[in-house]
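Summary of structural features
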Amino acid sequence: MLQVNVLRQKPDWVKERLAVKNFNHPQLVDEIIALDDERKKLQAAYDNAQSQINSASKDIGKLMGQGKKDEAETLKAEVATHKTQVAALNTQMTEVEKNLHDKLVTLPNLPSAMVPPGKTPEDNVVVRSGGDDNIQLYAGAVPHWDLIQTYDLVDFETGSKVTGRGFPFYKGRGAKLQRAMIQYFLDFNTAAGYTEFIPPFMVNEASAYGTGQLPDKEGQMYHVTEDNFYLIPTSEVPLTNIYRDEILKESDLPIKMTAYSPCFRREAGSFGKDVRGLNRLHQFEKVEILQIAHPDKSYDVLEEMTHHIEKLVQSLELPYRILKLCGGDMGFTSALTYDFEVFSAAQQRWLEVSSVSNMESYQTNRLKCRFKDANGKTQLAHSLNGSSLALPRILASILENNQTEHGIKIPQVLHKYFGAEIIS
RNA sequence: GGUGAGGUGGAUGAGCGGCUGAAAUCAGUAGUUUGCUAAACUGCCGUACGGGUUAUUCUGUACCGCGGGUUCGAAUCCCGCCCUCACCGCCA
């Protein structure tokens, strides 16, 4: 959620930035400012009326103490008229505030000055890449969904029977490889100073709201209606909400967290080759990194996180590229996003395995996650997060790229976790 | 799930329905003293939204788990919900 003050101070700049994100309702900015003006007026009137009630009440108390009942009664009558006023102003104010808020949350985060213009994924900019995506597979090479069957690593059919499409069973060496990767990724992250968490896999409504999943992305989450819990679409949700309604010390920053969790996504409306095999699932495993940072340093932190993830991807010996997302392809809450893609040779496709974003204060404003700066002023912290990494597509890419006639070679860094060098 | 107790500022913890935005202590912070540290003493030390002034400061309103109610007036009384703790039940 953007801060109203920013809109008030620089409305034209805000509109220009929104346009970069292909947000086509600039008039909303003016509407919000007008509503905020109204809100202020109502508040002044309300405060004034309430103040009169308060002082009259004190007088009544004194008069009663002195036994002047008649005078007290006249004052009471006066208070009664103010009270109807206050009630009316209060309902008006609530309504205006709700209206203002409802409009405000429809504004996406403003893209940073570094965001390239553009509307579609074709407009994203490759900033770095590594490894060789010109992989010569042997003659019998097949896509991962076939390899999975050959080596009995993942069972989609039984997953469909037991739960539904997109909820596979990982099995045998497939399950162990997942566990090995989780372990390795977490070790890699904690070695860089991230504190490890195992978060709750369901959150309450306030948390889903806090990180922005509600109200706009309600349909993408699984909802446990009986208890009003939401299954987390990413551990970002519980982790970030740790700091909801908190005022931190400046010396606490940056806060670095990492967590493994399953991620649950309904992904309504996807189909075709995008969802084949491990490419897109309703439940998948992911290790996440997240930082709460000082506003002055959040872009350095973003670079640091990006390099961290890059090293992790490199260590897996997968061809990758890092994209700086254009305005039109960025997430709603992000100010700058780098996507990591790995090349999956049998599909001849780039698969997104990580997305690293600086939300600046968009998320923390809604969360009310602040810190006291050196001057004793409270200001909003910045939040950043990134996957490190999403497992299924990494698995797909390892399987496809490393297949040989003798079996699937496991990346060297995973040997000690997996306990073998090849799946054959 | 049942019964009981309780939820107050960073922490501990007071608070006859008006003088309580809230005692006290600790922590924190600025300073004085001391050769340094320690100690002692002094000041400051919640958040949000307004208004006037603006590197300052003054002022209004709201907030004592959350939401309602009673009252001229609620941290204080009543109702509902949430959470914590203890005991019991169930259980990986």
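1. Re the overall build of chain A
Along chain A, the regular secondary structure elements total 13 helices and 19 strands. Out of the 424 residues in chain A, the part that is buried amounts to 49%. Counting only contacts in chain A whose residues sit at least 6 apart along the sequence, the fraction spanning at least 24 positions is 74%. Here chain A has roughly 20100 Å² of accessible surface; of this, 50% comes from carbon and sulfur atoms. Charged side chains in chain A number 47 positive and 55 negative. The centres of these two groups are separated by 2 Å.

2. Observations regarding the pattern of salt bridges
Tallied over the entire structure, the rule returns 13 salt bridges. Notably, a salt bridge pairs Asp37 with Arg8, separated by 2.6 Å at the nearest N-O pair. Placement of Asp37 in helix H3 (residues 27-65) and of Arg8 in helix H1 (residues 4-9) is noted, with a sequence separation of 29 residues between them. Using a relative accessible area of 27% as the deciding quantity, one classes Arg8 as partly exposed. The salt bridge partner of Glu304 is Lys256, with a shortest N-O separation of 3.4 Å. Of this pair, Glu304 sits in helix H10 (residues 298-315) while Lys256 sits in strand S9 (residues 255-264), and the two are 48 residues apart along the sequence.

3. So, the packing of aromatic side chains
Evaluated as defined, the whole model comprises six aromatic pairs. With centroids separated by 6.3 Å and ring planes inclined at 85°, the aromatic side chains of Phe332 and Tyr362 adopt a geometry described as edge-to-face. Residue Phe332 is located in the loop between strand S11 (320-324) and strand S12 (336-344), and its partner Tyr362 is located in helix H11 (residues 362-367); the two are separated by 30 residues in the primary sequence. Cation over ring: Lys10 sits above Trp13, and NZ or CZ is 4.4 Å from the ring centre.

4. As for the protein's contact with RNA strand B
Around RNA strand B lies a shell of 19 residues, among which Arg39, Gln43, Ser57, Lys83 and Lys372 are the nearest. The sugar-phosphate backbone supplies 75% of the atoms of RNA strand B found within 4 Å of the protein. Interatomic distance of 3.4 Å between a side-chain N/O atom of Gln50 and a phosphate oxygen of RNA strand B. Within the side chain of Lys372, one N or O atom sits 2.3 Å away from a phosphate oxygen of RNA strand B. Sort the elements by how many residues they give to the surface near RNA strand B and H3 lands first, with twelve residues.

5. Notes on the nonpolar core
Ranked by internal contacts, the top residues of the largest apolar core, which has 58 residues, are Met181, Phe185, Leu389 and Ile394. Top contributing element to this core by residue count: helix H7 (residues 173-191), with seven residues. For Phe185, the contacting residues outside a window of four places in its chain are Val287, Leu312, Leu316, Ser388, Leu389 and Leu391. Counting residues in hydrophobic clusters, the runner-up holds 32 residues, among them Leu28, Ile33, Leu104 and Leu107.

6. Describing the layout of surface pockets
One number sums up the size of the largest pocket: a volume of about 1500 Å³. Arg265, Glu267, Asp339, Glu352 and Ser355 are, among the 47 residues lining the largest pocket, the residues nearest its centre. No other element matches strand S13 (residues 349-360), which puts nine residues into the lining of the largest pocket. Residues of the lining of the largest pocket, tallied by class, amount to 15 nonpolar, 17 polar and 15 charged.

7. Details of unusual backbone geometry
Residue Pro254 is reached from Leu253 by a cis peptide bond, and omega for that bond is -5°. Here Pro254 is to be found in the loop between strand S8 (246-249) and S9. The residue after Ser388, namely Leu389, is reached through a cis peptide bond having omega 10°. Take Leu389: it is sitting in strand S16 (residues 382-390). Unusually for a residue other than glycine, Asn22 sits at a positive phi of about 60°. With respect to the element layout, Asn22 can be found in the loop between helix H2 (11-20) and H3. Taking relative accessible area as the criterion, Asn22 reaches 26% and is therefore assigned partly exposed. Notably, Glu317 is not glycine yet its phi reads approximately 60°, a positive angle.

8. Quick look at the domain arrangement of chain A
In terms of domain boundaries, chain A breaks down into domain 1 (4-104) and domain 2 (121-423). Taking only C-alpha atoms into account, the centre of domain 1 sits 43 Å from that of domain 2. On the side of domain 2, eight residues touch domain 1, which itself brings four residues to the contact. A combined buried area of about 390 Å² lies between domain 1 and domain 2, and 43% of that area is made up of carbon and sulfur atoms. Counting every contact that joins domain 1 to domain 2 gives zero salt bridges. At the boundary of domain 1 and domain 2, one finds four residue pairs in polar contact (both at pLDDT 80 or more). Looking at the side of domain 1 that touches domain 2 residue by residue, the class counts come to one nonpolar, two polar and one charged.

Reading guide: rules and limits
- Residues numbered from 1 in each chain as written.
- Chains lettered and ligands numbered in written order.
- Predicted model: local features only at pLDDT ≥ 70, side-chain atom pairs only at ≥ 80, totals over all residues.
- Heavy atoms only, no water.
- Helix = DSSP H or I, 4+ residues; strand = E, 2+ residues; numbered from the N terminus.
- Buried < 20%, exposed > 50% of the residue type's maximum accessible area, 1.4 Å probe, protein only.
- Contact = heavy atoms within 4.5 Å.
- Areas by Shrake-Rupley, 256 points an atom, 1.4 Å probe, with all protein chains shown as cover.
- Lys, Arg positive; Asp, Glu negative; His and termini not counted.
- Charge placed at Lys NZ, Arg CZ, Asp CG, Glu CD.
- Salt bridge = Lys/Arg side-chain N within 4 Å of Asp/Glu carboxyl O.
- Phe/Tyr/Trp six-rings, centres within 6.5 Å; stacked < 30°, edge-to-face > 60°.
- Lys NZ or Arg CZ within 6 Å of the ring centre and 35° of its normal.
- Near = heavy atom within 4 Å.
- Polar contact = N/O pair within 3.5 Å; in protein donor to acceptor, adjacent residues only side chain to side chain.
- Core = buried A, V, L, I, M, F, W, Y, C linked by side-chain atoms within 4.5 Å.
- 1 Å grid on protein atoms, 1.4 Å probe; cavity = no way out; pocket = protein on both sides within 12 Å on 5 of 7 lines; lining within 4 Å.
- Points joined across faces, edges and corners; volume = space filled by probe spheres on them.
- Nonpolar A, V, L, I, M, F, W, Y, C, P; charged D, E, K, R; others polar.
- Domains from an automatic or database assignment.
- Buried area = accessible area lost by both parts, 1.4 Å probe.

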